[in-house]
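Residue-level structural notes
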Amino acid sequence: MYEGDIASVLISEEEIREKTAELAAIIAERYPVDAPEGDLLLVGVLKGAVFFMTDLARALPIPTQMEFMAVSSYGSSTSSSGVVRILKDLDKDIAGRNVLIVEDIIDSGLTLSWLMRNLSTRNPASLEVVTLLRKPDAVKADVPVANVGFDIPNEFVVGYGLDYAERYRDLPYIGTLEPTVYGG
Ligand code: PRP
Ligand code: MN
Ligand code: MG
């Protein structure tokens with residue numbers, strides 16, 4: 001599938017599976033099964049986080065519930081305005097809950113830093129982040145991310161939720177895109 005478009009496999013299906021299990025074990029230690037705050041609430045950021053979120057939920061040995069948010073950045077991705085618009089908000093109130101934001105990737109960190117600020121105003125009992133991937137620029141945004149799967153180089157990656165023009169999300173692995181695909 002998409003054969004001529006993928007330059008290389010950066011992270012294989014097996015590596016994703018192993019890392020997800022590792023992250024799940026670490027996360028599960030911090031949240032008791034019968035927490036007074038209720039089940040851990042996973043907040044997935046549409047659409048990229050969907051694949052990681054569903055695999056993580058199934059790897060976690062504690063009960064979790066799911067909410068989703070869809071956001072979009074104003075203007076170009078290179079702008080540092082950090083202005084984000086909510087396309088779809090959470091369905092439920094998160095006050096008093098243990099909340100774990102689930103992301104597929106932190107690139108500039110703008111989406112996440114905005115989301116952290118926004119969700120923290122809703123008074124969750126705790127607010128943390130897990131991301132499968134992190135790019136080098138994320139360091140500049142200074143967002144506290146407790147759990148990172150892989151630090152990756154500044155390359156254009158697709159698959160396992162990550163898209164280029166909405167394509168390639170359905171690849172089971174993470175790969176780099178041939179520059180010819182995006183006109184490079
Ligand atoms: C991507 C990715 C993260 C965000 C990271 O989402 O899934 O949510 O960008 O970028 P940042 O750290 O520079 O803010 P995108 O906006 O492409 O939407 P999508 O998840 O629907 O692909
Ligand atoms: Mn996204
Ligand atoms: Mg995208």
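Below: a short report on this structure.

Conventions and cut-offs
- Residue numbering note: each chain is counted from 1, following its sequence as written.
- Chains and ligands are labelled sequentially in the order written, the chains with letters from A and the ligands with numbers from 1.
- Under the rules for a predicted model, residues below a pLDDT of 70 receive no local features and side-chain atom pairs below 80 are neither given nor counted, while totals for whole chains, interfaces and linings still include all residues.
- Note on burial: count the other C-beta atoms lying within 10 Å of the residue's C-beta; 20 or more is buried, 12 or fewer is exposed, in between is partly exposed, and C-beta positions come from the backbone.
- The way it works is that DSSP assigns letters per residue, a run of H or I at least four long becomes a helix, a run of E at least two long becomes a strand, and they are numbered from the N terminus.
- At least two DSSP bridges between two strands are required for those strands to pair.
- As a rule, the C-alpha atoms of each element are fitted with a line to give its axis, helices using only the stretch in contact, and angles between N-to-C directions run from 0 to 180 degrees.
- Any residue whose backbone-placed C-beta atom lies within 6 Å of a molecule or strand is treated as near that molecule or strand.
- Gly counts as polar in this scheme, as do all residues outside two lists: the nonpolar Ala, Val, Leu, Ile, Met, Phe, Trp, Tyr, Cys and Pro, and the charged Asp, Glu, Lys and Arg.

Taking burial as the measure, the five residues of strand S4 (residues 84–88) include zero buried ones, a minor fraction of the element. Sheet topology note: the strand S3 (residues 64–73)/S4 ladder contains four bridges and is antiparallel. When the sheet's bridge partners are listed, Val 71 is paired in S4 with Ile 86.

This next bit is on the sheet that holds S3. In spatial order, the strands read S4-S3-S2-S5-S6-S7; together these six strands make up an open sheet with mixed pairing. Of all strands in the sheet, those bounded by a partner on one side alone are S4 and strand S7 (147–151). On average, adjacent strands in this sheet sit at an angle of 30 degrees to one another, irrespective of strand direction. Sheet topology places strand S2 (residues 40–46) next to strand S5 (residues 98–106); four bridges connect them, and they run parallel. Looking at the pairing, Leu 42 lines up with Leu 100 of S5.

Quick look at the site of ligand 1 now. Around ligand 1, the structure places 16 residues, and the nearest of them are Lys 47, Gly 48, Asp 107, Ser 108 and Thr 111. Those elements that provide at least two residues to the shell around ligand 1 are S2, S5 and helix H3 (110–120). Ranked by the residues each element gives to the shell around ligand 1, the list is headed by S5, at four residues. Its residues assigned to classes, the shell around ligand 1 comprises six nonpolar, five polar and five charged.

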